[in-house]
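# Observations on chain architecture
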Amino acid sequence: MRVHLINPSHVSFGIGVITPRWLYVLADATPRQYGDPVITDETLEPLVASSITAGDIVGIGIHTGNALRGYEIGRLAREAGATVIYGGIHATLFPEEARTLGDADSVVKGDGDLAWAVALTDCVAGRLQPLYDGGRVEPEDLRPARWDLMPSNRYMWASVQTVRGCPKHCSFCSVWKTDGQRPRQRTSDGVVREIVELRRKGFRFIALADDNFYPVTLTDLKMAARRADQTPFQTLSAMRAERFELMRRLAALPSDMVFFTQITMEAGEDPEFLDAMRKARIRGALVGIESVSPEGLKDVHKGFNVAGDALIDRLRGFREHGVHVLGSFIFGLASDRDRTFDATVAVAQQAGVTFAQFVMLTPFPGTNDFAAWEASMAGDQTRIAGVPLTRHWLIPQAQRPKVYTPHPTMAADEIRRGTQRAWDQFYSLSNVWVRSRCVQSLKSRVAFVLISKLYRQMYANTGIATDSARVGRSARWARWLAHPCRRLFTARPMPDLSVPA
């Protein structure tokens, strides 16, 4: 018997940008008596079906975007005589779908840090249950990753999680419903130990793969300080202090290390926090900007963001503290018009955003947007390839619409073309070359251009394209660019590096 852990993907690039952390966390959660799990990340290479044999146990983690491919793998594994167990955010939301379409023997809902070992033990003992609810584990039970099982020279960045959960309630996001609004924050000891292990292997770029690296805002503290019961204030203050302690310890790591995270724009109002990020060499952050207009922010329930000149000033504040922004924008909001696309690119350029991603509004399960859309579609018989539109993730990849919710003024193809235009404008060679001034040497500027083009190939063309031929071409170009780009992010291993106090 062998245990397999599989990350499904319909596109393989040969090189991964960021390690899929959950694979290696569940590898650590696998009891040692069952041996080291066989790990397959299909973003690198497709699964070799013959590697699964009768009696094996196959764990498949799915999110909505790769659920269809995950179900294909599950059926293949069952045909080979293996036991199939699903987990991940999509299986948490649709356990019955995983059973009926993916031939699941069992489903683990919620966090797998503890529940995965229980499911494996029950399977070996012949008492596997159809469902396990892992819930939301406490910070002390969040497991590290088995980075010793990671293939060599296949990833640009490694990933470490420091906090799970987000206190916000954005309408397009499911994190706050699945991972909860109470941030579960690991202590700096475990985080730093993992990072040191990765630097020993030669990784110097680390993604702090958090739902929100800034879980306590200055506004949160002010509101808690006014309450008669000071317990919440003390709790929030302790969480904030732990954030600063982590960043202090990151600053003590080798000076060639660089960190990237995901954060809300409110951090731009907190110069003390931004200063600590700079000292910790957290050089980049994905910031969910979503919309450049007040109306758009209202559409997505993101009133804590700002728009207009205030938005430009806030984003420039990140750059002034040495933090480069990967701005995330959503198109297809009810308030969007044809002029929105060009206006968004203009704001991104004026604000000094280093990288940007432009996505079309998609109703993902577990979000308020999906619930509202599904309710509005009640009685609608629209089907594509025999699949109801409200189960769009089950439609074959090449036939999926790119826009699902009807827009009051724009046709679906207008939104798709406008989104593609935004990618094309922001990542034109001339604009990328101008942004490359953020680095000093000519060699670094050329590297910046390569990385920008790689990012566009991997995340724009495969996301907006409607035909498999274009996706295939983009994957081939990404493979060609990825290998030289990966070498830009790695360094000589430091096997004797110690954990700083």
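To be clear, the structure that these remarks concern was listed above.
Quick caveat, the model's predicted, so the values are computed rather than measured. (Residues numbered from 1 in each chain as written. Predicted model: local features only at pLDDT ≥ 70, side-chain atom pairs only at ≥ 80, totals over all residues. Heavy atoms only, no water.)

### Some points on the packing of aromatic side chains
Using the following cut-off: Stacked, edge-to-face and tilted labels apply to pairs of Phe, Tyr and Trp rings (six-membered ring for Trp) whose centres lie within 6.5 Å, assigned for plane angles under 30 degrees, over 60, and everything in between, in that order. The numbering of helices and of strands both runs from the N terminus, where a helix is a DSSP run of H or I of at least 4 residues and a strand a run of E of at least 2. For every residue, the accessible area (1.4 Å probe, protein chains only) is compared with the maximum for its type, and the residue is labelled buried under 20%, exposed over 50%, or partly exposed between those bounds.
Inspection of every chain in the model, using the stated rule, returns 24 aromatic pairs. A ring pair is formed by Trp157 and Phe260, whose centres lie 5.9 Å apart and whose planes are at 80°; its orientation type is edge-to-face. Placement of Trp157 in strand E8 (residues 155-160) and of Phe260 in strand E12 (residues 258-263) is noted, with a sequence separation of 103 residues between them. For Trp157, a relative accessible area of 13% translates into the label buried. Phe260 sits in the buried class, given a relative accessible area of 18%.

### What to know about the sheet that holds strand E6 (residues 106-109)
Note: strands within a sheet are paired through backbone hydrogen bonds, in either parallel or antiparallel orientation. Our working definition: Pairing between strands is defined by DSSP: at least two bridges between the two strands are required. Fitted lines through C-alpha atoms give the axes, limited to the stretch in contact for helices. The angle between two N-to-C directions lies from 0 to 180 degrees. Any two residues having at least one pair of non-hydrogen atoms within 4.5 Å are treated as being in contact.
The strand order across the open sheet formed by six strands is E3-E1-E4-E5-E6-E7, and the pairing between neighbours is parallel. Each of the sheet's edge strands pairs with one partner strand only, and the pair in question is strand E3 (38-41) and strand E7 (131-133). Going across the sheet, the axis of each strand differs from the next one's by a mean of 20°, ignoring polarity. Summarising the sheet, strand E1 (residues 3-7) and strand E4 (residues 57-61) pair through four bridges and their orientation is parallel. Directly across from Val3, in E4, lies its bridge partner Ile57. Contacting E1, E3 and E4, helix H1 (residues 21-29) runs over the sheet at an angle of about 165° to E1. Packing of helix H4 (residues 95-102) onto the sheet brings it into contact with strand E5 (83-87), E6 and E7, and relative to E6 it is tilted by some 155°.

### Examining the side chain of Thr19
Note that Thr19 resides in the loop between strand E2 (16-18) and H1. Owing to a relative accessible area of 4%, Thr19 belongs among the buried residues under this scheme. If sequence neighbours within four positions are ignored, Thr19 has contacts with Trp147, Met150, Tyr155, Trp157, Ala158 and Ser159.

### Considerations on the pattern of salt bridges
The line we're drawing: Every case where a carboxyl oxygen of Asp or Glu lies within 4 Å of a side-chain nitrogen of Lys or Arg is listed as a salt bridge.
Following the criterion strictly, the structure yields 32 salt bridges and no others. The closest approach of N and O atoms between Lys168 and Glu266, which form a salt bridge, is 2.9 Å. One end of the pair, Lys168, is in the loop between strand E9 (163-164) and helix H6 (175-178); the other, Glu266, is in the loop between E12 and helix H10 (271-279), and 98 residues separate them in sequence. Across the pair, exposure class does not vary: Lys168 and Glu266 are buried alike.

### A few points about the nonpolar core
What counts is decided by this rule: Side-chain atoms within 4.5 Å link the members of a nonpolar core, which is a set of buried Ala, Val, Leu, Ile, Met, Phe, Trp, Tyr and Cys residues.
The biggest cluster of nonpolar side chains holds 105 residues, and the ones touching the most others in it are Ile195, Ile206 and Ile263. Non-local contacts of Ile206, meaning those with residues more than four positions away in its chain, are made with Trp157, Ala158, Val160, Ile195, Leu198, Met257, Val258, Phe259 and Phe260.

### As for the environment of Ser12
Put simply, the rule is: Here a polar contact means two N or O atoms within 3.5 Å. Within protein one must be a hydrogen donor candidate and the other an acceptor candidate, and residues neighboring in sequence count only if both atoms are side-chain atoms.
Relative to the helices and strands, Ser12 resides in the loop between E1 and E2. Along the backbone, Ser12 and Gly303 are 291 residues apart, and their C-alpha atoms lie at a distance of 38 Å. Reaching out from Ser12, the side chain makes a polar contact with the backbone oxygen of Glu42 at a distance of 2.5 Å.

### Things to note about the side chain of Asp210
Put simply, the test is: For the purpose of counting charges, residues Lys and Arg are taken to be positive, whereas Asp and Glu are taken to be negative. His and the chain ends are not included.
Note on placement: Asp210 falls in the loop between strand E11 (205-208) and helix H8 (218-225). Buried Asp210, no salt bridge; nearest opposite-charge side chain is Arg243, N-O distance 4.0 Å. A polar contact is formed between the side chain of Asp210 and the backbone nitrogen of Val163, at a distance of 3.0 Å. Setting aside residues no more than four positions away along its own chain, Asp210 makes contact with Val160, Gln161, Thr162, Val163, Arg243, Thr261 and Gln262.

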